[in-house]
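Results of the structural survey
As a plain string of letters, each chain reads:
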Amino acid sequence: MANKAAVDEGDGSGNGSKDRTSSPTLARTRAGGSLGKQAGGSLGKQARCAHTFRKLTLTKPSYCHHCTDFIWGIIGHQCDVCNFLSHEKCLRYVVSPCSPQLPSTIKAPVAHCFISFGVYKKRFCQICRKLLEESFACRCEVCEMHLHVECLRFASSDCRKCHQEHHTEQVLSVHHWQEGNLPAGSRCESCRKTCASHEVLCSQRCLWCHVTAHSSCCASISDCCSFGRLEGIMLPPFCVTLQRPFTLQDILLDPDGARDQSEVAASDAPSSISESGKQTLKIFDGDDAIRSGQFRYISVPRICKEGEVVEAALREYHLSSKAENYELHSFLQDAVITSEEGDPYSNGHPQESGAPGDATGTIRQPFGDVASEAYTIRCKALDSEVLKIYTDWLCKGVAYLSICVDQRSTVQAVVEQVLQQLGRQSVRQNDYGLMVVVMNSQRVHRTLLNGNTLLLEYLQQCHKASVQAMNLTRFYVVLQHQDATEADLLVLGFPPGLSSSDYLSQLSKHVCLNAENASVKDLYSKQGALPISFNSAEEAKHVFSNLRDSVVTVEGRQLHAVVLPSIEMKLLPDGCQPLVVLVNPRSGGLQGRELLHSFRRLLNPHQVFDLSLGGPLPSLHVFRSVPGFRILVCGGDGTVGWVLSTLEEIKGGLACVDPPVAILPLGTGNDLARVLRWGPGYTGEDPSSILNAVQEADVVHMDRWTVLLDSQFVEQAEGNSAVPQIVQMNNYLGIGVDADLSLCFHNAREEEPAKFNSRFHNKGVYLKVGLQKMSSSRSLHRDIKIQVDGVDIDLPGIEGLILLNIPSWGSGADLWGSESDSSYEKPRMDDGKLEVVGVTGVMHMGQVQSRLRSGIRIAQGTFIRLTLHREVAMQVDGEPWTQPPGTVIVSLTGTKVRMLKKRKQRHKKGSSKDARSDAGSGED
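Rules used in this analysis
- Residues numbered from 1 in each chain as written.
- Predicted model: local features only at pLDDT ≥ 70, side-chain atom pairs only at ≥ 80, totals over all residues.
- Heavy atoms only, no water.
- Helix = DSSP H or I, 4+ residues; strand = E, 2+ residues; numbered from the N terminus.
- Contact = heavy atoms within 4.5 Å.
- Areas by Shrake-Rupley, 256 points an atom, 1.4 Å probe, with all protein chains shown as cover.
- Buried < 20%, exposed > 50% of the residue type's maximum accessible area, 1.4 Å probe, protein only.
- Pairing = 2+ DSSP bridges.
- Polar contact = N/O pair within 3.5 Å; in protein donor to acceptor, adjacent residues only side chain to side chain.
- Core = buried A, V, L, I, M, F, W, Y, C linked by side-chain atoms within 4.5 Å.
- Phe/Tyr/Trp six-rings, centres within 6.5 Å; stacked < 30°, edge-to-face > 60°.
- Lys NZ or Arg CZ within 6 Å of the ring centre and 35° of its normal.
- Axes fitted to C-alpha atoms, helices over the stretch in contact; angles between N-to-C directions.
- Disulfide = S-S within 2.5 Å.
- Salt bridge = Lys/Arg side-chain N within 4 Å of Asp/Glu carboxyl O.
- Parallel < 35°, antiparallel > 145°, perpendicular 65-115°, else oblique.
- Left-handed = near helix turned anticlockwise from the far one by under 90°.
- Nonpolar A, V, L, I, M, F, W, Y, C, P; charged D, E, K, R; others polar.

All right, on to the overall build of the chain then. When its secondary structure is counted, the chain shows 20 helices and 47 strands. Restricting to contacts in the chain with at least 6 residues of sequence separation, those with at least 24 account for 72%. Surface accessibility of the chain: about 40,900 Å² in total, with carbon and sulfur atoms responsible for 48%.

To continue, consider the pairing of strand β28 (residues 560–564). Consecutive residues of a regular strand have side chains that alternate between opposite faces of the sheet. Counting buried residues in β28 gives four out of five residues, a clear majority hidden from the surface. For strand β23 (residues 487–492) and β28, the ladder comprises five bridges, and the chain directions are antiparallel. Bridging across to β28, Leu489 finds its partner in Val563.

Moving on to the side chain of Asn181. Structurally, Asn181 can be placed in the loop between β8 (177–179) and β9 (204–206). You can call Asn181 buried: its relative accessible area is 12%. Separated by 2.9 Å, the side chain of Asn181 and the backbone nitrogen of Phe124 make a polar contact. The residues contacting Asn181, other than those within four sequence positions of it, are Arg123, Phe124, Gln126, His146, Leu201 and Arg205.

Core analysis: the biggest nonpolar cluster contains 155 residues, and Leu632, Trp678 and Met899 have the highest contact counts within it. Residues contacting Met899, with those up to four places away along its chain left out, are Val640, Leu644, Val661, Ile663, Leu672, Leu676, Asp698, Val699, Val700 and Met702. By size, the runner-up hydrophobic cluster in this structure holds 28 residues, among which are Val872, Met874, Trp881 and Val888.

This part is about the packing of aromatic side chains. Throughout the structure, instances matching the rule amount to 15 aromatic pairs. Summarising the aromatic geometry, the rings of Phe284 and Phe295 are spaced 5.6 Å apart at their centres and angled 55° between planes, so their arrangement reads as tilted. Here Phe284, found in strand β12 (residues 278–284), pairs with Phe295, found in the loop between α4 (286–292) and β13 (296–301); they are 11 residues apart in sequence, far enough to count as distant. With respect to class, Phe284 is no different from Phe295; both count as buried. The ring of Trp208 carries Arg160 above its face, with NZ or CZ at 4.5 Å from the centroid.

Turning next to the sheet that holds strand β37 (residues 732–736). Overall, antiparallel pairing links the six strands, which are arranged β42-β41-β40-β37-β44-β45 in an open sheet. Every other strand in the sheet has two partners, leaving β42 (856–861) and β45 (879–883) as the edge strands with one partner each. Direction aside, the axes of adjacent strands within the sheet are offset by 20° on average. The pairing of strand β40 (residues 800–804) with strand β41 (residues 834–839) spans five bridges and is antiparallel.

So, on to the state of the cysteines. Inspection of the entire model under this criterion finds zero disulfides. Distance from the sulfur of Cys151, which forms no disulfide, to the nearest cysteine sulfur (Cys125) is 3.8 Å.

A large share of β23 lies buried, amounting to five of its six residues. Sheet topology places β23 next to strand β25 (residues 529–534); six bridges connect them, and they run antiparallel. The partner of Ala487 across the bridge, within β25, is Phe534.

With that settled, consider the environment of Glu486. Within the secondary structure layout, Glu486 lies in the loop between β22 (473–479) and β23. Look at Glu486 and you get partly exposed, because its relative accessible area is 45%. In this structure, the C-alpha to C-alpha distance between Glu486 and Ser536, residues 50 residues apart in sequence, is 5.5 Å. In contact with Glu486, other than residues within four places in its own chain, are Gln243, Lys521, Ser533, Phe534 and Asn535.

The next point concerns the environment of Gly277. Positionally, Gly277 belongs in the loop between α3 (261–267) and β12. A C-alpha to C-alpha distance of 8.7 Å links Gly277 and Val300, two positions 23 residues apart in sequence.

This next bit is on the sheet that holds strand β5 (residues 114–119). Pairing in this open sheet of three strands is antiparallel, and the strands run β5-β6-β7 from one edge to the other. The open sheet has two edge strands with one neighbour each: β5 and β7 (146–148). Each strand of the sheet is rotated relative to its neighbour by a mean of 30°, with strand direction disregarded. As defined by bridge partners, β5 adjoins strand β6 (residues 136–140) across five bridges and the pair is classed as antiparallel. Bridged to Gly118 within β6 is Ala137.

Turning to the pattern of salt bridges, a few remarks are in order. This model, assessed by the stated rule, comprises 26 salt bridges. Glu165 is the partner of Arg446 in a salt bridge, and the nearest nitrogen-oxygen pair spans 4.0 Å. Remark: Glu165 occurs in the loop between β7 and β8 and Arg446 occurs in strand β21 (residues 444–449); sequence separation between them is 281 residues. Each of the two residues, Arg446 as well as Glu165, counts as buried. Asp610 is paired through a salt bridge with Arg593; the nearest N and O atoms lie 3.5 Å apart. Of this pair, Asp610 sits in strand β31 (residues 608–610) while Arg593 sits in helix α11 (residues 592–602); the two residues are 17 residues apart in sequence, bridging distant segments of the chain. By relative accessible area, which is 5% here, Asp610 ends up buried. Overall, Arg593 belongs to the partly exposed group, its relative accessible area being 41%. Salt bridges here are not isolated pairs; linked through shared partners, they connect Asp250, Lys541, Arg548 and Asp549.

The next thing to look at is the packing of α11 against helix α15 (residues 687–696). One way to put it is that α11 packs onto α15 with a least axis distance of 10 Å and a crossing angle of 65°. By the criterion of interaxial angle, the relationship of α11 to α15 is roughly perpendicular. Taken as a pair, α11 and α15 cross one another with a handedness that is right-handed. Mapping the contact onto sequence places Ser598, Phe599 and Leu602 in α11 and Pro687, Ser688 and Leu691 in α15. Taken together, the residues that form the contact of α11 with α15 break down as four nonpolar, two polar and no charged.

Okay, here's the thing in structure tokens:
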């Protein structure tokens, strides 16, 4: 095989034109040399769709895939390849392309992120157009494309292009249409009629602005996409740069939790039951299919010609090429394949003699005269072929050139011919090369061919490896030598408090790192994180792969790397405040995983981050240069505190020093979310309505408090080396019985985390623990001394002491109470004061949560000193531990944080429903 340099990618650059290009399946004719045209030019509607319709007798109620109306009568017209069903009257208006033509509609090949495998009801496969029902299927994490697992290999890389691979001045976004699986009640943007259907795969939806339209109405809609209602918080794809060879999968894919996609795709082979009078044959698609043992079944009459079997095989592999260009070889003749190393590979099949056919393995006699067996589909060798050469950025007005290649045509000669036809004779032709791009659904594979490679021979080898893969292959003329590209990584897991040189030396010991290619611009020493800028993207990919594929530890801490895209600030639209979504998939009822998918579908995936992969730091580092952005934290109160603490630590390096924070409550208590009107917990609301509420939310301020634990007493205590020294507080601090309940719940969840998968179960565990603590004595006031603003306070007989910053405690209870008292000011979350309240025990806490009574008001103050005379349970914002005897000081942090408070719901006049309280979970 000819020499080549291979590069694996997850997306790529296609035609620079705004319109879709038309590139039918690779033509195997002898004509050539003409200039290709874009879609919408001289090609007819049927040529673009390329369906092979045949009349079909309907045996059950059916609907037209074009107009979605019921097909009256018993006759319909169905495509043999993609199962498109239509009225006879709708045939001339069909614009949806057949599945073999889908690769020709791609503007820029971008691989899908098929992370979610499972059963999806009421969804249609977007290749075979059949209902998924109970079939095992997969779903793209970015564009929500649904496919049968066995249809994965026929899908092309037509996912959303969420970033650029190089700096660009292009600031225009266009619609990215995807067919079918529309939300119920969708209406066409053009004709305003209903376009959704739960019966068939039909109509189109833009994956950016989520506009829906009939397939025939899309042409009347402007190509420019404005991102719809989310325009103000959307991170435009033309503002994000991610250098090759990194892909979106490197950022989104969790290596510990993701299932091996290749094994899943290869695990299920479609079964076939032979009908009466027919025979079932196994068809292999070239040498690659024989090596992997993947095949497809076809059912043909027992007496038929070879051409009929070839046509059936092409339909099964979703190919619309002419049958006379292909032939079938007996599998027994093709079973032994020589690998690149020269070792024979028999795939476990015994070799037999006496196979029907001639010396070449081609079957010539009718299939009814031989027994059912397996065959391999092959392309017939031709003396010349017409090849479509895509011009990429060389010529914006032309999608491709049709070039005729013969046995003497080399890659260099073809490149020279392309440049000559484009009028670029003055450029150095040696600087350009021919790149082969295989647009597989899960990976875009790029190969730069050697200039001396005989192109026709290379094409024949590709056809021999896989006929179907050639339908997903394009040829581009590109610059061979690109300028050196930079790439950024964030390596986390180092011991905190070291210098950048120490971190680099530790990394070099475990990973083969060339220090000359790496530089450190920023340093997060407190977090033990090191952002590294590499002069070579290949070097960065090498380091990333080593840390991902192997376990590297430094002082008992595992290192892992996060890929960092860059945001081009000069391309960010005026007034745009992109929303950074931080999701903790382990909070509350484990709802975060599905929310991750929902927000990645609605927004740019580069602005949605999984907190289990590095915490809040990677997201804040990516957006450090954005002057104005908002944050949505999906998690419990502990997750919100985690994000606010990280913001406090690194705010000196942010252009937006104090970004406002909204909350989507996923925890159990969610007291801060209740105060800010985001509700007691997420109950399945539409994520798009949540994003709209974040856009309209009002900015409020909130105090933050520093809890200092006396280190002298901590060091004297035995077995408490893990007790924190300084803790940041947002909501409340509890000492005594309420902290003891939190500690018991925390220990139970740590022992069996799988059981704590619902908010209802969590509260049940709290209730059980509370009943066990009913007999506790009221002796805390004897073991604790409190001083508020320098004044000693005498404590009543209590068993729990709580310091409140917000008017919500214990899942929404008003512990301070609403009664007016002239001796105290009305509590606020931004007044710079804490409310000190006591409870007498578990029974008292239950009465408070039942709104039967309030706590015991003790004091209000700005500076509070607590002296503990014995070991006692303590918790801050729901995070509990056992505190040894010592001194605890609570003081106000210097700056306030900005939070987003959801606006009240406006009710229509005359509505009989009562207005919901501020702590409710109503939608905007």
